[in-house]
Amino acid sequence: ILVGTAKGAQNGILIKGGEYLETAHKLRAIVFDKTGTLTRGKPSVTDVVATAKHTEEEVLQLAAVAEKGSEHPLGRAVLEAAEKKSIKIPEARSFKAVPGEGVVAEYDGGTLLLGNRKLMAMYDAKLQPVEANISTLEEAGKTVMVLSNGKEPLGIIGLADTLKDDAVDTVRELKRMKIEVVMLTGDNARTAKAVAGKLGVDRVVADVLPEQKEKVIRDLQKDGKVVGMVGDGINDAPALAASNIGIAIGSGTDVAVETGGIVLIGNNLRDVVTAIKLSKATVRKIKQ
Ligand code: ADP
Ligand code: MG
């Protein structure tokens, strides 16, 4: 076990305890978080669509107003896009992030909403004028945010994130090892399916709120499977803890890195495969 752990460290894999090395070879399902784990987690704005009475510039500006204080990668991408176009971004009167849904800002006597369908539904905003545009972008694998002033939609913003270089290979290799690969995301089903198609994952669970990620793991475990979870975000921590082996991306948030039993300090997804192979080799040696 000591040798196995040392070998892991040499390969950019931090294994926090012998039990993880002894369990990894038993994994039958691995759940991957999408954003920041399978994808780079650095989305950028690719499309801005305005409804009849508005301009694209206006849509981007008001979206940036709503995201001004945002820490979320999607929010930062909007700010970057607005800054690139030298658009002035005034301060909103107040700002509130709704985890897994979007942001709400009080501005210019109105309420700006920017986020996904769940957020729009909560405020009863009309989606129908932009529905067709949303579907088109989602089918292309893009994440779509709707911007609305109260119930009135102003436009939509499409963002794309790129897959990590080794994501496709990693998924293929795991499937070859007869391990079920599941992708978990707070993104909507259509976008998630488009991304999953490129990756060849077996199963997609989309539209999950941060607090539901853990339940997905527990449900898989109910089938008697040893389940691994790979993630990077604060919102992945409960799922990492619930899984039989939590695997954190080294460059992820501190909470994820602390919670994971295995940390990929080299930030290579392929090291998930390496860790399992290492576990197999170690257990074989022990039995010998
Ligand atoms: P993931 O699970 O993919 O890492 P999150 O749970 O952080 O994603 O967010 C899920 C969804 O909630 C996003 O795809 C987006 O539609 C919406 N969302 C979250 N935060 C924001 C934000 N700051 N601005 C706009 N939309 C947001
Ligand atoms: Mg993530």
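All of the points below concern the structure found in this document.

Conventions and cut-offs
Residues numbered from 1 in each chain as written. Chains lettered and ligands numbered in written order. Predicted model: local features only at pLDDT ≥ 70, side-chain atom pairs only at ≥ 80, totals over all residues. Heavy atoms only, no water. Salt bridge = Lys/Arg side-chain N within 4 Å of Asp/Glu carboxyl O. Helix = DSSP H or I, 4+ residues; strand = E, 2+ residues; numbered from the N terminus. Buried < 20%, exposed > 50% of the residue type's maximum accessible area, 1.4 Å probe, protein only.

Let us now look at the pattern of salt bridges. This structure, assessed with the given rule, holds 20 salt bridges. A salt bridge links aspartate 169 to arginine 172; the shortest N-O distance between them is 3.2 Å. Pair noted here: aspartate 169 and arginine 172 are both in helix α8 (residues 167-176), with a separation of three residues, about one helical turn. Given the relative accessible area of 34%, aspartate 169 is considered partly exposed. Arginine 172 gets classed as exposed once you look at its relative accessible area, which sits at 53%. The shortest N-O distance in the salt bridge between glutamate 214 and arginine 218 comes to 3.0 Å. Highlighted residues: glutamate 214 and arginine 218, both in helix α10 (residues 213-222), separated by four residues, approximately one helical turn. According to the relative accessible area criterion, glutamate 214 is partly exposed, its value standing at 26%. Judged by its relative accessible area of 42%, arginine 218 falls in the partly exposed class. Three or more residues are tied together by salt bridges with common partners; here these are Arg117, Glu131, Glu138, Glu139 and Arg190.

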